[in-house]
Amino acid sequence: RIVINILAGDYYLSESIVIPASLSGISIQGTKASEVSIKGSMILNPQWEKYSNNIFVTSVAESSDFDQLIVNGKSQILARYPNYDKNSHYWQGYAADAISKKRVASWKNPKGAYFNALHSGRWGGFHYIITGVNKDGIPILEGGQQNNRMSKPHEEFRMVENVFEELDSPGEWFLDKKKNKLYYWPSKEVSVNDSKFEV
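The structure contained in this document is the topic of the report that follows. (Residues numbered from 1 in each chain as written. Predicted model: local features only at pLDDT ≥ 70, side-chain atom pairs only at ≥ 80, totals over all residues. Heavy atoms only, no water.)

Time to look at the sheet that holds strand E8 (residues 70–71). With antiparallel pairing, 4 strands are arranged side by side in an open sheet as E5-E18-E8-E9. Strands at the two margins of the open sheet, each flanked by one partner only, are strand E5 (43–44) and strand E9 (74–75). (Pairing = 2+ DSSP bridges. Helix = DSSP H or I, 4+ residues; strand = E, 2+ residues; numbered from the N terminus.)

Here it is, written out as structure tokens:
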């Protein structure tokens, strides 16, 4: 029997751990399990600069592509509309005008945004990527196949995220993949110069 004991600490994986069938029965344990973390995340070492009164910006490596930002062990909120409300039911905040023509017109580049909506019967959900906007100002949606019974998206229970112009409240962030820039509005308890950033 093979036992691997892992010392206390944080271990960041650059690739998956592969255990071949020949090692079936292997045990991996922490010498102090509560003090061992094996993570698929990557540490960022941002050089924050002020972008606006509340928003900071930093450069990230070329071709950076991540969908989670974790600050001091806490997940942050991808820029969204409506704003996150932990007490709200669907999507932690929903709005019928999430992708209305008026709202979409206020975004410089909606390509790459995510549109989330409940099934019209409210028993499932759909998730789409916005790939552009047609000549009538209506977003072009790709996806929505997550549900085995198609319907129109619910008219009220809707939410959109990953839109720069919706970065308007503490804890929100946005990654500009073309310019390799990360934008972040820190919560009042977060000091950008003394915090641990993971993606």
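On the surface, a cluster of nonpolar side chains totalling about 770 Å² of accessible area is made up of Ile 2, Ile 4, Leu 7, Tyr 11, Leu 13, Ile 17, Ile 19, Ile 28 and Ile 38. Examined against the element boundaries, Leu 7 turns out to sit in the loop between strand E1 (3–6) and strand E2 (9–12). When its relative accessible area of 56% is taken as the criterion, Leu 7 is described as exposed. (Patch = residues over 30% accessible without salt bridge, like charges linked within 9 Å, V, L, I, M, F, W, Y side chains within 5 Å. Areas by Shrake-Rupley, 256 points an atom, 1.4 Å probe, with all protein chains shown as cover. Salt bridge = Lys/Arg side-chain N within 4 Å of Asp/Glu carboxyl O. Buried < 20%, exposed > 50% of the residue type's maximum accessible area, 1.4 Å probe, protein only.)

Quick look at the pattern of salt bridges now. One pass over the full model with this rule turns up 5 salt bridges. Among the salt bridges present, the one from Lys 196 reaches Asp 10, with a minimum N-O distance of 3.1 Å. Placement of Lys 196 in the loop between strand E17 (181–184) and strand E18 (197–198) and of Asp 10 in strand E2 is noted, with a sequence separation of 186 residues between them. Across the salt bridge formed by Lys 177 and Asp 65, the nearest N and O atoms sit 2.8 Å from each other.

The biggest cluster of nonpolar side chains holds 16 residues, and the ones touching the most others in it are Trp 48, Leu 69, Trp 173, Leu 182, Tyr 184 and Phe 197. For this core, the secondary structure elements donating two or more residues are strand E16 (172–176) and E17. Among the nonpolar cores identified, the runner-up in size contains 14 residues, and Ala 95, Ala 113, Phe 115 and Val 163 belong to it. (Core = buried A, V, L, I, M, F, W, Y, C linked by side-chain atoms within 4.5 Å.)

Working definition: the strands of a sheet are paired by backbone hydrogen bonds and lie parallel or antiparallel to each other. One open sheet holds the 5 strands; their spatial order is E6-E7-E17-E16-E10, and the pairing between them is mixed. In this open sheet, the two strands that pair with only one neighbour each are strand E6 (49–50) and strand E10 (77–78).

Attention now goes to the environment of Met 150. Relative to the elements of secondary structure, Met 150 occurs in the loop between strand E14 (139–143) and strand E15 (153–161). By relative accessible area, Met 150 is classed as exposed at 55%. Sequence separation between Met 150 and Val 160 is 10 residues; the distance between their C-alpha atoms is 20 Å. Beyond its immediate chain neighbours, meaning those up to four positions away, Met 150 contacts His 119, Phe 126, Tyr 128 and Gly 144. (Contact = heavy atoms within 4.5 Å.)

The subject of this paragraph is the packing of aromatic side chains. How two aromatic rings sit relative to each other is given by the distance of their centres and the angle of their planes. For the coordinates displayed, the defined rule picks out 13 aromatic pairs. When the ring of Tyr 184 is compared with that of Phe 197, the centres are 5.9 Å apart and the planes differ by 85 degrees; the resulting orientation is edge-to-face. Note that Tyr 184 is positioned in strand E17 and Phe 197 in strand E18, a separation of 13 residues in sequence. Of the two residues, Tyr 184 and Phe 197, both sit in the buried class. Aromatic rings pair up to connect Tyr 51, Phe 164, Phe 174 and Tyr 183 into one cluster. Its guanidinium or amino end placed over the ring of Tyr 81, Arg 103 lies 3.4 Å from that ring's centre, counting from NZ or CZ. (Phe/Tyr/Trp six-rings, centres within 6.5 Å; stacked < 30°, edge-to-face > 60°. Lys NZ or Arg CZ within 6 Å of the ring centre and 35° of its normal.)

Relative to the assigned elements, His 154 resides in strand E15. Taking relative accessible area as the criterion, His 154 reaches 13% and is therefore assigned buried. Of note is the side chain of His 154, whose polar atom sits 3.3 Å from the backbone nitrogen of Phe 157. When sequence neighbours within four positions are dropped, the list of residues in contact with His 154 reads Ala 117, Leu 118, His 119, Ser 120 and Arg 122. (Polar contact = N/O pair within 3.5 Å; in protein donor to acceptor, adjacent residues only side chain to side chain.)

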